[in-house]
Amino acid sequence: MVHYKLHYFGLYARGEPIRQVFALAGQEFEDTRYSMEEWPQHKADMPFGQLPVLEVDGELLPQSMAILRFVGRRFGYAGKTDVEQAQVDAIADQFQDYFNEFKAYFVVAVGFAPGDKEQLFNSVMIPARNKMFQMLSQILRSNGTGFLVGDSVTYADLLLSIHVAGMDGLTPGFANDYPRLLEHRQRVESIPALKHYLETRPFAPF
Amino acid sequence: MFCCGYCTPEEEDSQDATSSKKNNSSLGKKMPMKLYYFDGRGTGEAIRQVFKLAGEDFEDVRFSMDEWPKHKADMPFGQIPVLEVDGMMIPQSAAIGRYVAKKFGLAGKTPTDQAWVDACVDQFKDHYTEINKWYYTALGFANHGDKESLYKSVYEPARDKFYDFLQKRLKKNGSGFLVGNSATWADLLIADHMHTILQLKPDTLQRFPEMLAFKKRVEELPQIKKWIATRPKTPF
């Protein structure tokens with residue numbers, strides 16, 4: 001039997017989509033969470049000096065999206081055909097670009113850096129959000145299945161539902177102009193395996 | 001969704017019968033894949049090199065800066081590169097690179113090798129984001145300030161961190177390539193990036209002799225050597 005160990009912080013951030021794939025798949029895994037104090041002692045053990053890392057039978061795999069794709073494909077949450085898999089990847093990559101676009105706002109909003117939160121929300125977050133959310137709403141509309149790619153949940157859907165939930169926690173009503181995305185979040189979170197996971201997972205601020 | 005955008009979603013069903021007839025030519029051959037990008041290397045070149053390394057045909061569509069605005073709305077995320085496969089449009093350079101590489105066996109031979117190829121590509125993307133302020137200023141696409149001081153404050157620390165990891169990886173892997181024992185698209189992507197970096201700053205990678213040897217090794221692969229000699233010469 002394969003042994004999986006996720007090395008990450010006690011945060012959702014780049015680890016949560018991976019955890020939710022394990023939850024959907026009903027797959028046990030060791031959910032290691034480093035505190036900020038412990039982490040420096042382990043940094044040199046990690047292939048690229050960063051987290052998350054997924055340890056699979058002793059082999060350490062870095063990079064959140066590489067891990068997400070690896071477990072997504074292994075457990076069938078990454079798209080059913082090769083073209084669908086590429087489409088799921090494309091959405092995941094677009095999310096990374098989007099995260100980079102609003103990073104300047106995010107680090108201030110969660111207290112990692114000083115700055116004018118209001119000003120950055122308006123100048124950085126809102127334009128980035130509108131561009132991304134419009135594209136995703138359009139994809140949901142034209143795909144017509146309630147999911148972003150194909151006719152069942154993939155890790156692209158997890159990236160979206162986790163983002164909408166997280167940003168709504170930070171700024172209530174964040175996605176209210178995008179009813180299709182609110183509906184999508186409800187749909188994903190109601191999947192029984194996820195519903196149970198969400199009710200029992202450890203809390204994290206983001 | 002992600003289809004070529006020439007019909008609205010509501011018309012899709014009625015178009016299906018006719019469009020499938022269009023795609024199956026009388027020769028019964030599948031249409032080659034079509035890559036849309038600028039007339040440059042940028043984030044499109046590694047994809048082209050995957051086709052070349054695999055010896056596979058593709059349509060290499062290159063938009064000029066003047067033409068591009070007219071096509072922007074056709075692209076799923078308003079950007080290029082985009083790969084068109086049987087009428088389906090796939091955006092995002094890494095998603096395309098992986099799709100094409102997988103098809104031709106250049107994405108890693110086992111699932112963990114594939115994950116490692118992905119990890120190297122993603123680490124490269126992080127590096128690319130980190131150096132952006134200097135890189136785009138040096139290439140003339142942006143003006144984030146004084147090129148030389150950006151080089152010192154932005155590029156040098158990022159470079160050292162990134163290439164240290166890659167050299168460690170090469171040493172651990174031992175085949176002369178980043179993953180497995182033959183070239184993958186991760187090798188093509190990083191070697192091509194190094195090409196642009198060395199054009200901008202010829203001495204900047206002197207501290208990384210294994211990486212310079214790696215770049216040469218990739219460029220000497222026969223199909224890549226041939227492509228480099230014959231491809232359009234562009235500044236980026």
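Residues numbered from 1 in each chain as written. Chains lettered and ligands numbered in written order. Predicted model: local features only at pLDDT ≥ 70, side-chain atom pairs only at ≥ 80, totals over all residues. Heavy atoms only, no water.

Oppositely charged side chains can pair when the atoms bearing their charge come close. Taken as a whole and judged by the stated rule, the model has 29 salt bridges over all chains. Salt-bridge contacts for E16 of chain A lead to R19 of chain A; the nearest nitrogen and oxygen are separated by 3.1 Å. Taken together, the residues span about one helical turn, with E16 of chain A and R19 of chain A both in helix α1 (residues 16-25) at a distance of three residues. Linking K34 of chain B and E59 of chain B is a salt bridge whose minimum nitrogen-to-oxygen distance equals 3.9 Å. Highlighted residues: K34 of chain B in strand β1 (residues 34-38) and E59 of chain B in strand β2 (residues 59-63), separated in sequence by 25 residues. Residue classification places K34 of chain B among the partly exposed residues on the basis of a relative accessible area of 23%. One network of salt bridges, with partners in common, ties together D39, E45, R48, D60, R62 and R231 of chain B. (Salt bridge = Lys/Arg side-chain N within 4 Å of Asp/Glu carboxyl O. Helix = DSSP H or I, 4+ residues; strand = E, 2+ residues; numbered from the N terminus. Buried < 20%, exposed > 50% of the residue type's maximum accessible area, 1.4 Å probe, protein only.)

At Y155 of chain B, helix α6 (residues 147-173) of chain B shows its largest kink, close to 40 degrees, and the proline P157 of chain B lies no more than four residues downstream. Where α6 of chain B terminates, the next one or two residues include G174 of chain B, which has phi positive at roughly 75 degrees. (Bend = angle between axes of the 7 residues up to and from the residue.)

Let us now look at the UniProt feature "domain: GST N-terminal" (unreviewed entry) in chain B. Under the UniProt annotation, the feature "domain: GST N-terminal" (unreviewed entry) is placed at residues 31-108 of chain B. Between the end C-alpha atoms of residues 31-108 of chain B the distance is 26 Å, and the span holds 32% helix and 23% strand. (UniProt positions renumbered as here; feature names shortened; annotations may be inferred.)

What follows concerns the sheet that holds β1 of chain B. Picture the strands of a sheet paired through backbone hydrogen bonds; they go either parallel or antiparallel. Residues and elements named next belong to chain B. Strands sit in the order β2-β1-β3-β4 across an open sheet of four strands; the sheet is mixed. One side of each edge strand has no neighbouring strand; the edge strands of this open sheet are β2 and β4 (88-91). For this sheet, the mean inter-axis angle between neighbouring strands, taken without regard to orientation, is 25 degrees. Pairing geometry for β1 and β2, over five bridges, is parallel. Within the sheet, the bridge partner assigned to K34 lies in β2 and is E59. With respect to the sheet, helix α2 (residues 45-54) is in contact with β1, β2 and β3 (82-85), its orientation differing from that of β1 by roughly 145 degrees. (Pairing = 2+ DSSP bridges. Axes fitted to C-alpha atoms, helices over the stretch in contact; angles between N-to-C directions. Contact = heavy atoms within 4.5 Å.)

Take the UniProt feature "domain: GST C-terminal" (unreviewed entry) in chain A next. The positions UniProt marks with the feature "domain: GST C-terminal" (unreviewed entry) are residues 81-206 of chain A. Structurally, residues 81-206 of chain A is divided into 72% helix and 0% strand, and its ends, taken at the C-alpha atoms, are 33 Å apart.

Interface size is often expressed as the accessible area that is lost when the parts come together. Residue and element names in this part refer to chain B. As assigned here, chain B comprises domain 1 (1-29), domain 2 (33-103) and domain 3 (111-221). Each of domain 2 and domain 3 has a C-alpha centre, and these two points are 22 Å apart. Opposite the twelve residues of domain 2 that make contact, domain 3 presents 13 residues. Interface area, domain 2 with domain 3, both sides summed: about 1100 Å², of which 62% is carbon and sulfur. It is R41, L53 and R98 in domain 2 that bury the most area against domain 3; as a group they hold 42% of the surface buried on that side. Scanning the region where domain 2 abuts domain 3 turns up two salt bridges. The interface formed by domain 2 and domain 3 includes four residue pairs in polar contact (both at pLDDT 80 or more). Contributions of two or more residues to the side of domain 2 that touches domain 3 are made by α2 and α4 (93-103). Class assignment for the residues of the side of domain 2 that touches domain 3 results in five nonpolar, three polar and four charged. (Domains from an automatic or database assignment. Buried area = accessible area lost by both parts, 1.4 Å probe. Polar contact = N/O pair within 3.5 Å; in protein donor to acceptor, adjacent residues only side chain to side chain. Nonpolar A, V, L, I, M, F, W, Y, C, P; charged D, E, K, R; others polar.)

Time to look at the UniProt feature "domain: GST N-terminal" (unreviewed entry) in chain A. The feature "domain: GST N-terminal" (unreviewed entry), as annotated in UniProt, sits at residues 2-79 of chain A in this numbering. Secondary structure within residues 2-79 of chain A divides into 33% helix and 24% strand; the distance between the first and last C-alpha atoms comes to 23 Å.

When the UniProt feature table is mapped to this numbering, "domain: GST C-terminal" (unreviewed entry) covers residues 110-236 of chain B. Structurally, residues 110-236 of chain B is divided into 72% helix and 0% strand, and its ends, taken at the C-alpha atoms, are 33 Å apart.

Residues and elements named next belong to chain A. Here we have four strands laid out as an open sheet, ordered β2-β1-β3-β4, and mixed in their pairing. Only two strands of the sheet have a single neighbouring strand rather than two, namely β2 (30-34) and β4 (59-62). Strand-to-strand twist across the sheet, computed as the mean angle between neighbouring axes with direction ignored, equals 20 degrees. As defined by bridge partners, strand β1 (residues 4-9) adjoins strand β3 (residues 53-56) across four bridges and the pair is classed as antiparallel. The residue of β3 that forms the bridge with L6 is L54.

Let's shift gears to the confidence of the model for chain B. Residue and element names in this part refer to chain B. Taken over all residues, the pLDDT of chain B has a mean of 89, while the share at 70 or more is 88%. Helix α1 (residues 12-23) is the least confidently modelled element of chain B, averaging 39 in pLDDT, while α2 averages 98, the highest of any element. Counting contacts from residues 5-26, a segment whose pLDDT is below 50, to residues more than four positions away or on other chains yields twelve contacts. (pLDDT = per-residue confidence, 0-100.)

Residues and elements named next belong to chain A. The N-to-C vectors of α1 and helix α8 (residues 192-200) enclose an angle of 125 degrees; their axes lie 8 Å apart at closest approach. Viewed along their axes, α1 and α8 adopt a mutual orientation that is oblique. Where α1 crosses over α8, the two elements pack in a sense that is right-handed. Each of E16, R19, Q20, A23 and L24 in α1 lies in contact with α8, whose residues at this interface are A193, L194, Y197 and L198. Classifying every residue of the contact of α1 with α8 by side-chain character gives six nonpolar, one polar and two charged. (Parallel < 35°, antiparallel > 145°, perpendicular 65-115°, else oblique. Left-handed = near helix turned anticlockwise from the far one by under 90°.)

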